[in-house]
Structure formats: C-alpha cells, structure tokens
Protein chains: 2
Amino acid sequence: MKPDFSKGLLPAVIVDDLTGDVLMVAYMNETAYQKTMETGQTWFYSRSRQELWHKGATSGNYQSVQSVFLDCDGDTILVRVNPKGPACHTGKRSCFFYKETGEGKKEEQKENGIEDIFDQVITEIQN
Amino acid sequence: MKPDFSKGLLPAVIVDDLTGDVLMVAYMNETAYQKTMETGQTWFYSRSRQELWHKGATSGNYQSVQSVFLDCDGDTILVRVNPKGPACHTGKRSCFFYKETGEGKKEEQKENGIEDIFDQVITEIQN
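A brief structural summary. All of these numbers come straight from a predicted model, not from anything done at the bench.

This next bit is on the overall build of chain A. When helices and strands are tallied, chain A shows 2 helices and 8 strands. When the helices and strands of chain A are listed from N to C terminus, the series reads β-β-α-β-β-β-β-β-β-α. Counting the 127 residues in chain A, one finds 47% classified as buried. Of the contacts formed within chain A by residues at least 6 apart in sequence, a portion of 44% connects residues at least 24 apart. Working note: accessible area of chain A is about 6400 Å², and carbon and sulfur atoms make up 47% of it.

Here it is as structure tokens:
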C-alpha cells in the first residue's frame, strides 16, 4: 500500500516520538511525502501559500523523522518525529492547546502552568 | 475560537485517552461536531457515503469522549476517547498499523506479536 494521493492532499499527523503527543496536523502532496522520506525531515504542502513547505526552514524548528505509518485505507499519514523546537507558530510545543470545555468556551492552557514547564523540560532534553 | 467549518470538513484525530495512541483520523462537519459535544460519543461525516456516521452504531465500538482540543488555527479537532473496541474496521485497535520502511515496502504489524497482545490487554481493561 502507498499513500493514495488520488484523493488530493493527505493529512499528516505529527507525533512527538518521545512523549507520544500529537504536535500538529499539516498536509502532504506526493512531492512533500517523497521529500520527507528522502531527507528524514518533514515537508508539507501549504494550502494557504500553495507551495512546498520544509518545516523548520524559516524557524529552525526542524522535525527529524523517526518512523512513518499509513492508515488502513492509505489516506492519512502519521509521522513520529524528534522536534528541534516548538511545532506551533505560537511557540507552543503542540498546536493543540485549546481545550473545548463543552459550554461553548475554550480554556486556553495557562502560560507557566505545570504543562508549560513540562514542555520546556522536554524541549531542553530534545535539543 | 470555534472550529472553522468555512474550510469544509475538518479532520478529527482520535486519540486513546489511556495510552495516548492515535487510533484513527476521520472527518467532521458542524453537525457531527455538535453531536459529538452533545452526546459524548464520536460522530463523523463519511466522505464516501456522504452521510453522518455515529462511530459504533453498526459495530458496537463506540468511542466515549474524554476531552476535545482544537489546534491553533481551528481547522483540526483532536478528541481523546475511551474506545469500547477496535477503532479500525480491520479489527485492529488503531488504523495506523502500516509502517513505511523507507525502501518502498510496508511492514505490516505481525498478528499475535507483542503489540497485538498489548492491544488485547488494553481492550480488556477498557471494557
């Protein structure tokens, strides 16, 4: 089985290989997938800029690929990485920091809470 | 921030709340998202059948929602669940069992390997 790019861009779930946390979801076309496999770093296709995007090329926050999985029907890619810095453009380790409280309100993770300190320690360990 | 359904269907990453494993990725429209929040079980929008899909309605493998997160730009949903059975239609706990070996070959997880035994134990614990 190969990734089925006949369906268009495929979502790639980026997971921290050390912690197992989901860091981000971005999209790959066939070229981005091939470059990811060849270079051992993540490449995506930016839907807003409509161009290939080498994660870390601007920020320095490259993601070193540890392993790659496909789902059962080949239309989602999962990449386990060692991140060289935050995955999120906000500076957070993971893009998934908005918690839905179920009452229409979102509870943003508090800065300098225990989870942020943990994030900082993990980032230190990985660099 | 709310999920931005103006971009169309949004991918939902389903994570096992106990193990942290990514179980599957499916898609939600606004109705599926609302039903997920209201019922505490996962609902998706099936792209192939073009209809709402209550996960587990046919198989019995419902997913009990533990928490919901949005990513930084509100176009990906992450749902942590307690699964009542396998997420995958193949009977595996997770849909991501094809490992890309980097040589063009896929290495399917061996049946009855240690990971399958672990899967079975986890499923027993959760039910």
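Our focus in this paragraph is the nonpolar core. In terms of nonpolar packing, the biggest core is built from 48 residues, with Ile77(A) and Ile77(B) touching the most fellow members. Once residues within four sequence positions are removed from consideration, Ile77(A) is found in contact with Pro3(A), Phe5(A), Leu10(A), Pro11(A), Ala12(A), Val13(A), Met28(A), Tyr33(A), Val68(A), Phe69(A), Leu70(A) and Phe96(B). In this structure, Val25(A), Phe69(A), Leu78(B) and Phe96(B) belong to the second largest nonpolar core, which totals 14 residues.

Turning chain A through 180° and shifting it by 0.0 Å along the axis lays it on chain B, with an RMSD of 0.0 Å. The symmetry that links the two subunits is that of a two-fold axis. Closest approach to the rotation axis among the C-alpha atoms of chain A is made by Gly20(A), whose C-alpha sits 3.2 Å away. A high fraction, 100%, of the interface residues of chain A reappear at the interface in chain B, so the copies pair face to face through one surface.

Attention now goes to the environment of Met24(A). Relative to the elements of secondary structure, Met24(A) occurs in strand β2 (residues 22-28). The class of Met24(A) is buried, set by a relative accessible area of 4%.

Across all of its chains, the model carries 12 salt bridges over all chains by this definition. A salt bridge links Glu51(A) to Arg49(A), with the nearest nitrogen and oxygen atoms 3.2 Å apart. Under the relative-accessibility criterion, Arg49(A) is labelled partly exposed at 46%. Salt bridges linked by common partners bring Lys7(A), Asp75(A) and Arg47(B) together as one network.

Take a nonpolar patch on the surface next. Residues and elements named next belong to chain A. Taken together, the side chains of Leu18, Val121 and Ile125 define a hydrophobic patch exposed on the protein surface, amounting to about 290 Å² of accessible area. Here Val121 is to be found in helix α2 (residues 114-126). By relative accessible area, Val121 is classed as partly exposed at 44%.

Here the focus is the packing of aromatic side chains. The relation between two aromatic rings is expressed through the spacing of the ring centres and the mutual angle of the planes. All names here are of chain A. All chains considered together, the criterion is met by 6 aromatic pairs over all chains. Residues Phe5 and Tyr33 carry aromatic rings whose centres are separated by 6.0 Å and whose planes lie at 55° to one another, so their mutual orientation is tilted. Linking Phe5 in the segment before β1 (10-16) with Tyr33 in helix α1 (residues 30-39), this pair joins segments that are 28 residues apart in sequence. A cation over an aromatic ring shows up here: Lys92 above the ring of Phe97, its NZ or CZ 5.1 Å from the ring centre.

Reading guide: rules and limits
- Residues numbered from 1 in each chain as written.
- Chains lettered and ligands numbered in written order.
- Predicted model: local features only at pLDDT ≥ 70, side-chain atom pairs only at ≥ 80, totals over all residues.
- Heavy atoms only, no water.
- Helix = DSSP H or I, 4+ residues; strand = E, 2+ residues; numbered from the N terminus.
- Buried < 20%, exposed > 50% of the residue type's maximum accessible area, 1.4 Å probe, protein only.
- Contact = heavy atoms within 4.5 Å.
- Areas by Shrake-Rupley, 256 points an atom, 1.4 Å probe, with all protein chains shown as cover.
- Core = buried A, V, L, I, M, F, W, Y, C linked by side-chain atoms within 4.5 Å.
- Least-squares fit on C-alpha atoms with pLDDT ≥ 70 in both.
- Salt bridge = Lys/Arg side-chain N within 4 Å of Asp/Glu carboxyl O.
- Patch = residues over 30% accessible without salt bridge, like charges linked within 9 Å, V, L, I, M, F, W, Y side chains within 5 Å.
- Phe/Tyr/Trp six-rings, centres within 6.5 Å; stacked < 30°, edge-to-face > 60°.
- Lys NZ or Arg CZ within 6 Å of the ring centre and 35° of its normal.

In short, the description is geometric, and any link to function would need to be established separately.
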